Amino acid sequence: MNNMSAFELSEQEIQRRESLNKLREMGINPYPADLYPVTDYATVIKDKFEEGKQVCLAGRMMSQRDMGKASFAELQDSSGRIQLYFNRDEICPGEDKTMYNQVFKKLLDLGDFIGVKGYMFTTKVGETSVHVQEFTLLSKSLKPLPLPKTDAEGRIHDAFTDPEMRYRQRYADLVVNPHVKEIFIKRTKLFTAMRQFFNDAGYMEVETPVLQPIPGGAAARPFMTHHNALDIPLYMRIANELYLKRLIVGGFDGVYEFSKNFRNEGMDRTHNPEFTAMEIYVSYKDYNWMMDFTERLLEYCAVEVNGSSETTFGEHKINFKAPYKRVTMRQSIIDFTGFDIDGKSEEELFNAAKGMGIAVDTTMGKGKLIDEIFGEKCEGNYIQPTFITDYPKEMSPLCKEHRDNPELTERFELMVCGKEVANAYSELNDPIDQRERFEEQVRLAEKGDDEAGQFIDYDFLRSLEYGMPPTSGMGIGMDRLIMYLTNNPSIQEVLFFPQMRPEVHAVKVELSDNEKVIFDIIQKEGEMDLNSLKLKSGLSGKQWDVSIKALTKQGILKVTKTEDSLSVGMAE
RNA sequence: GAUUCCGUAGCUCAGCUGGUAGAGCAAUACACUUUUAAUGUAUGGGCCCUGGGUUCGAAUCCCAGCGGGAUCACCA
């Protein structure tokens, strides 16, 4: 309802609209189409100050200090802020002082985009500024920004901090919170660095399907959708692993992809329904090579993003400098519990886990029990980057059996701050073994293990039958990694637009029973004659009068006059 | 899903054991030609998240709901 939303405008929003109209009346287009010939950026000209240099820049006006016939303002562009100096008689050299007195002082608002031309100078107080000779309104801002202020000591007052509003209105967050912008610049630097590292190594960035007929490569609840033309169900990918391996079968030596994955599961501080994983597969390598590669990669990325391999996460200082410690899962469990899992039966593992106070149940197999012990007693202790190697076989259906121990797999996870950041295998390339492992997963799923995959991707098995070279693959949770590199404990802080419950827009108007009767008729039958509506409603004259007046007053229904009658319909 | 905290002006927040709303910034008006959280004076601005209940009276107390945060549980 347009009139309702207009009704809800705040005082300041109304004032800005009035300013907009006045500008138009003065012949100033608040949204001009022409390009503005920007030649300079705020922080660049501040860093390379040249007295008297002519500059032209554009951005948002973020503060205004009006001193009568002269004023100061701050301009914020993509690089940062710079102070502007406006002098009435220089902006308006002639008799007509409108541009300064009216346009600049009255009709411009904080947040408006302006372009300025002028020259560099330093004020009495020593602030490098632009002495403005000419300014142009480039775009009017109709909604006041949640503008914080920074004092002389650099303390921020009235910071825009409400997480709900910051995430829902990220655009405003980015305008007023420079440190937020910095996180996303670093995020992009991380992606760029990683690409660089892979490309330098000669590997190829590829794209594989997001819509998949079988959601494979991980165990997670997928988002389901439907393709109308084919009339088949499709799934949003939960992982891209099986497609990248097909490309290795096809003959590429190294392929990688930054993959948006989608999992229809819970959301919390470290989980968003869509997230980004990077996966890379390199042929003729094994997981030992991949550990060397991974630690060099992460050191490189940390330095590219932060200028140092060291980073702070909460109370921890982390150093991504290679090499990282390598600990087998067996040794890790010995280290933290004194219990040796080697050669133990399922019953022995069950009792050991129970003895450690871990919640166990009889559906858990050996692998699951070991995983529980590790997760409960060991995982959290690895603060510095550490490779945990040689996972039990049942937990890793896509991973090659360990060369020395058939109960284990050639798998590692990289732990940082007690959480998994990377996961890698010597990839299983035996098609018969792979088929059996898939079938085992299906059996587990039927038994009720909701972590096991329910689908078998026969096309993937077919590709393996043609032969896949020995290959090592590695995946990195990009969101989690950037959380570590920017010291953010919440995934929402490193995603531009984290998933939120939709905002409720509908203005709830409580209707009385009589009003509802009338409203329902119009809703069902559309616009109709006023008198027939009155008859149809069955209301008394008084009830009718009160109700119809209330409905029109609230802007829900509208009465329009035709030639010789009145008709009632929904308001816009 | 459980527990817990929060929701008041455009923003950040006060508002006590219930008595129909306050501050700073932002806005409006006036003054001020090198200020910088500019300053001074004046003014305007509120579905106190929603719906019930208790009460003579609810922003405040109780219940339910909605939205958000945190912790836990879940999570290849």
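Bear in mind the structure is a predicted one, so any value in this text is a computation, not a measurement.

## Considerations on the packing of aromatic side chains
Reasoning step 1: As enumerated under the stated definition, the model contains 23 aromatic pairs in all.
Reasoning step 2: Judged by centre distance (4.9 Å) and plane angle (40 degrees), the rings of F191 and F258 are tilted. Here the residue F191 occupies a position in helix α8 (residues 178-200), and F258 occupies one in strand β12 (residues 254-262), the gap between them amounting to 67 residues. Per residue, the accessibility class of F191 equals that of F258, and both read buried.

## Looking at helix α10 (residues 287-306)
Reasoning step 1: An ideal rise of 1.5 Å per residue puts 28 Å on 20 residues; α10 measures up with 28 Å between its terminal C-alpha atoms.
Reasoning step 2: Turning to α10, its buried residues number three or more, namely Y287, M290, M291, F293, T294, E295, L297, L298, C301, A302 and V305.
Reasoning step 3: At the C-terminal side of α10, G307 shows a positive phi close to 75 degrees.

## Some details on unusual backbone geometry
Reasoning step 1: The peptide bond linking A322 to P323 adopts the cis configuration, its omega dihedral lying at -5 degrees.
Reasoning step 2: Of note, P323 is situated in the loop between β15 (316-319) and β16 (325-328).
Reasoning step 3: For D158, which is not a glycine, the phi torsion comes out positive at approximately 55 degrees.
Reasoning step 4: For D158, a relative accessible area of 65% gives the class exposed.
Reasoning step 5: Located in the positive-phi region is N487, a residue other than glycine, with phi close to 60 degrees.
Reasoning step 6: Within the secondary structure layout, N487 lies in the loop between α16 (478-486) and α17 (513-525).
Reasoning step 7: Residue classification places N487 among the partly exposed residues on the basis of a relative accessible area of 36%.

## Regarding the environment of S426
Reasoning step 1: Relative to the helices and strands, S426 resides in strand β19 (residues 419-426).
Reasoning step 2: With relative accessibility at 4%, the residue S426 sits in the buried group.
Reasoning step 3: As for S426 and L147, which are separated by 279 residues in sequence, their C-alpha atoms are 52 Å apart.
Reasoning step 4: Once you skip the residues sitting within four places of it in the chain, S426 turns out to touch D286, Y287, C399, K400, E410, T471 and S472.

## Looking at the protein's contact with RNA strand B
Reasoning step 1: The environment of RNA strand B is formed by 55 residues, the closest being E11, Q15, D89, K149 and E164.
Reasoning step 2: Sugar plus phosphate: this is where 58% of the atoms of RNA strand B within 4 Å of the protein reside.
Reasoning step 3: Between RNA strand B and Q12, the relevant distance is 3.0 Å, taken from a base nitrogen to a side-chain nitrogen or oxygen of the residue.
Reasoning step 4: The separation between a base oxygen of RNA strand B and a polar side-chain atom of Q83 is 2.5 Å.
Reasoning step 5: Listed by contribution, the elements that provide at least two residues to the surface near RNA strand B are α2 (11-25), β1 (54-66), β2 (70-77), β3 (80-87), β6 (149-150) and α6 (163-168).

## Things to note about the environment of I370
Reasoning step 1: Structurally, I370 can be placed in helix α13 (residues 366-377).
Reasoning step 2: Taking the C-alpha atoms as reference, I370 lies 59 Å from L142; in sequence the two are 228 residues apart.
Reasoning step 3: Those residues within four positions of I370 in sequence are excluded, and the remaining contacts are M329, I333, I341, L349 and P392.

## Some thoughts on the packing of helix α12 (residues 346-355) against α13
Reasoning step 1: Viewed as axis vectors pointing N to C, α12 and α13 meet at an angle of 25 degrees, and their least axial separation amounts to 9 Å. With respect to each other, α12 and α13 are oriented roughly parallel. The way α12 lies across α13 gives a crossing that is left-handed. Counting all contacts with α12, which are made through E346, L349, F350 and A353, the residues of α13 involved are K366, L369, I370 and I373.
Reasoning step 2: Its residues assigned to classes, the contact of α12 with α13 comprises six nonpolar, no polar and two charged.

## A closer look at empty space enclosed by the protein
Reasoning step 1: The final tally for this structure, using the stated rule, is one cavity of 30 Å³ or more.
Reasoning step 2: Roughly 30 Å³ of volume is contained in the largest cavity.
Reasoning step 3: If you trace the largest cavity, you find it lined by Q212, I214, G216, A239, N240, E241, L242, Y243, R246 and D457.
Reasoning step 4: Broken down by element, the residue count for the lining of the largest cavity peaks at four residues, all from helix α9 (residues 241-249).
Reasoning step 5: Per-class residue counts for the lining of the largest cavity are four nonpolar, three polar and three charged.

## Details of the confidence of the model for chain A
Reasoning step 1: Mean pLDDT over chain A works out to 88, with 86% of the residues at or above the 70 mark.
Reasoning step 2: Averaged pLDDT values for the elements of chain A fall to 36 in helix α1 (residues 2-7) and rise to 98 in strand β8 (residues 204-205).
Reasoning step 3: Contacts of residues 506-510 to residues separated by more than four positions or lying in other chains number six contacts, the stretch itself having pLDDT below 50.
Reasoning step 4: Reported confidence for the predicted complex is 0.91 by ipTM and 0.86 by pTM.

## Describing the sheet that holds strand β18 (residues 411-416)
Reasoning step 1: Taken in spatial order, the eight strands of this open sheet run β8-β12-β13-β20-β19-β18-β17-β16, and their pairing is mixed. This sheet does not close on itself; its edge strands, each paired only once, are β8 and β16.
Reasoning step 2: α8 rests against β8, β12, β13 (274-283) and β20 (471-477) of the sheet, and its axis sits at about 150 degrees to β12.

## Considerations on the pairing of β15
Reasoning step 1: As defined by bridge partners, strand β14 (residues 310-313) adjoins β15 across four bridges and the pair is classed as antiparallel. Along β15, the bridge assignment pairs T312 with K317.
Reasoning step 2: The turn joining β14 and β15, which pair antiparallel and follow one another in sequence, is formed by two residues; a positive phi near 55 degrees is taken by G314.

Rules and cut-offs
Residues numbered from 1 in each chain as written. Chains lettered and ligands numbered in written order. Predicted model: local features only at pLDDT ≥ 70, side-chain atom pairs only at ≥ 80, totals over all residues. Heavy atoms only, no water. Phe/Tyr/Trp six-rings, centres within 6.5 Å; stacked < 30°, edge-to-face > 60°. Helix = DSSP H or I, 4+ residues; strand = E, 2+ residues; numbered from the N terminus. Buried < 20%, exposed > 50% of the residue type's maximum accessible area, 1.4 Å probe, protein only. Expected span 1.5 Å × (residues − 1). Contact = heavy atoms within 4.5 Å. Near = heavy atom within 4 Å. Polar contact = N/O pair within 3.5 Å; in protein donor to acceptor, adjacent residues only side chain to side chain. Axes fitted to C-alpha atoms, helices over the stretch in contact; angles between N-to-C directions. Parallel < 35°, antiparallel > 145°, perpendicular 65-115°, else oblique. Left-handed = near helix turned anticlockwise from the far one by under 90°. Nonpolar A, V, L, I, M, F, W, Y, C, P; charged D, E, K, R; others polar. 1 Å grid on protein atoms, 1.4 Å probe; cavity = no way out; pocket = protein on both sides within 12 Å on 5 of 7 lines; lining within 4 Å. Points joined across faces, edges and corners; volume = space filled by probe spheres on them. pLDDT = per-residue confidence, 0-100. Pairing = 2+ DSSP bridges.

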